[in-house]
Amino acid sequence: MRKLLSIMFVFTMFFTAGLKAFADDSQEALKFFNSYVNAANTYSPTVATMYSPDAKIIRQVVKPDGGLVNVDTNTATYIKQMKIGQAGAKLRGYKNTYTNISVTPAGNGAYKVSSLRQPKGETYKLKTYMIVKKINGKWQITEEMMQTKEQIFLKYANKK
């Protein structure tokens, strides 16, 4: 009986330690997301450093009829476009508010941070998620999907 209790105690300790590690990493992923939101809403150049060099970037265009079209790009192109767009956004005071934020494990030490994004001055909310992971001790975005109603992105969609 003592042996069984000892085994159960050891198992419980490992299980508890595993849950704590998950909770700690999950909270770190959320903290990273919040720092991204702050950096983006203050037009900080540090936003560009938050992406992995080979991140998968998806803009999901919501068409007027409700249809969805994914527009994929690479990190370098996205960062270049983002820097160009920041000037106009700053002049207009453009910001996003994020609600319904959730963090779930995505495998291999990565976490999926999902939320609804509401652009300033709009009444609608759009789906978004990012996969974040510690790479060389630093949290980075390895994948991002953001819905947009901006139809101009459709010109970058792959025609198949």
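Above this note sits the structure.
In this text the structure is predicted, and so the values were computed from the model without any measurement. (Residues numbered from 1 in each chain as written. Predicted model: local features only at pLDDT ≥ 70, side-chain atom pairs only at ≥ 80, totals over all residues. Heavy atoms only, no water.)

Chemist: Whenever I open this one, the sheet that holds strand β1 (residues 51-62) confuses me. Can you help?
Modeler: Strand pairing in a sheet relies on backbone hydrogen bonds. The paired strands run either parallel or antiparallel. The strand order across the open sheet built from six strands is β2-β1-β6-β5-β4-β3, with neighbouring strands paired in mixed fashion. Among the strands making up the open sheet, the edge pair consists of β2 (68-73) and β3 (96-107). Across the sheet, the mean angle from the axis of one strand to that of its neighbour is 20 degrees, orientation sign disregarded. Relative to strand β6 (residues 138-148), strand β5 (residues 126-135) runs antiparallel, the two being bridged by eight bridges. Counterpart to isoleucine 131 in the pairing with β6 is glutamate 143. (Pairing = 2+ DSSP bridges. Helix = DSSP H or I, 4+ residues; strand = E, 2+ residues; numbered from the N terminus. Axes fitted to C-alpha atoms, helices over the stretch in contact; angles between N-to-C directions.)

Chemist: Please explain helix α2 (residues 75-92) as it appears in this structure.
Modeler: For α2, with 18 residues, the first-to-last C-alpha span of 25 Å sits near the 26 Å given by 1.5 Å per residue. The set of residues buried in α2 consists of Thr75, Tyr78, Ile79, Met82, Gln86 and Ala89. Capping of α2 at its N-terminal end is provided by asparagine 74; its side-chain oxygen lies 3.2 Å from the backbone amide nitrogen of alanine 76. Trailing α2 by a residue or two, glycine 93 shows a phi angle of about 70 degrees, which is positive. (Expected span 1.5 Å × (residues − 1). Buried < 20%, exposed > 50% of the residue type's maximum accessible area, 1.4 Å probe, protein only. Polar contact = N/O pair within 3.5 Å; in protein donor to acceptor, adjacent residues only side chain to side chain.)

Chemist: What am I meant to see in the layout of surface pockets here?
Modeler: With a probe scaled to a water molecule rolled over the atoms, the places where space remains empty come into view. Volume-wise, the largest pocket comes out at about 1,000 Å³. Lining the largest pocket are 33 residues, and of these Tyr78, Gly85, Ala89, Tyr94 and Phe153 lie nearest its centre. Secondary-structure elements contributing two or more residues to the lining of the largest pocket are α1 (2-41), α2, β3, β4 (110-119) and β6. Examining the composition of the lining of the largest pocket, we find that eight residues originate from one element, α2, more than from any other. Among the residues making up the lining of the largest pocket, the classes are represented as 18 nonpolar, seven polar and eight charged. (1 Å grid on protein atoms, 1.4 Å probe; cavity = no way out; pocket = protein on both sides within 12 Å on 5 of 7 lines; lining within 4 Å. Points joined across faces, edges and corners; volume = space filled by probe spheres on them. Nonpolar A, V, L, I, M, F, W, Y, C, P; charged D, E, K, R; others polar.)

Chemist: I'm lost on the nonpolar core in this one. Help?
Modeler: Side chains of a nonpolar character, in soluble globular proteins, are inclined to be buried together. Core analysis: the largest hydrophobic core is formed by 24 residues, its most contacted members being Tyr36, Tyr51, Tyr78, Met130, Val132 and Ile141. Elements with a contribution of two residues or more to this core: α1, β1, α2, β3, β4, β5 and β6. Apart from the residues within four sequence positions on either side, isoleucine 141 is in contact with Phe32, Tyr36, Met50, Tyr51, Ser52, Ala55, Met130, Ile131 and Val132. (Core = buried A, V, L, I, M, F, W, Y, C linked by side-chain atoms within 4.5 Å. Contact = heavy atoms within 4.5 Å.)

Chemist: Help me understand the pattern of salt bridges in this model?
Modeler: Close approach of charged atoms lets side chains of opposite charge pair. Under the definition given, this model contains two salt bridges. Residue lysine 134 is joined to glutamate 28 by a salt bridge in which the shortest nitrogen-to-oxygen separation is 3.0 Å. One end of the pair, lysine 134, is in strand β5; the other, glutamate 28, is in helix α1, with 106 residues separating them in the sequence. According to the relative accessible area criterion, lysine 134 is partly exposed, its value standing at 37%. Accessibility expressed as a relative area gives 31% for glutamate 28, which makes it partly exposed. Of the charged contacts in the structure, one is a salt bridge between glutamate 144 and arginine 59, with a shortest N-O distance of 2.6 Å. Here glutamate 144 is found in strand β6, whereas its partner arginine 59 is found in strand β1, with 85 residues between them in sequence. A relative accessible area of 0% means that glutamate 144 is categorised as buried. (Salt bridge = Lys/Arg side-chain N within 4 Å of Asp/Glu carboxyl O.)

That is the geometry; function is a separate question.
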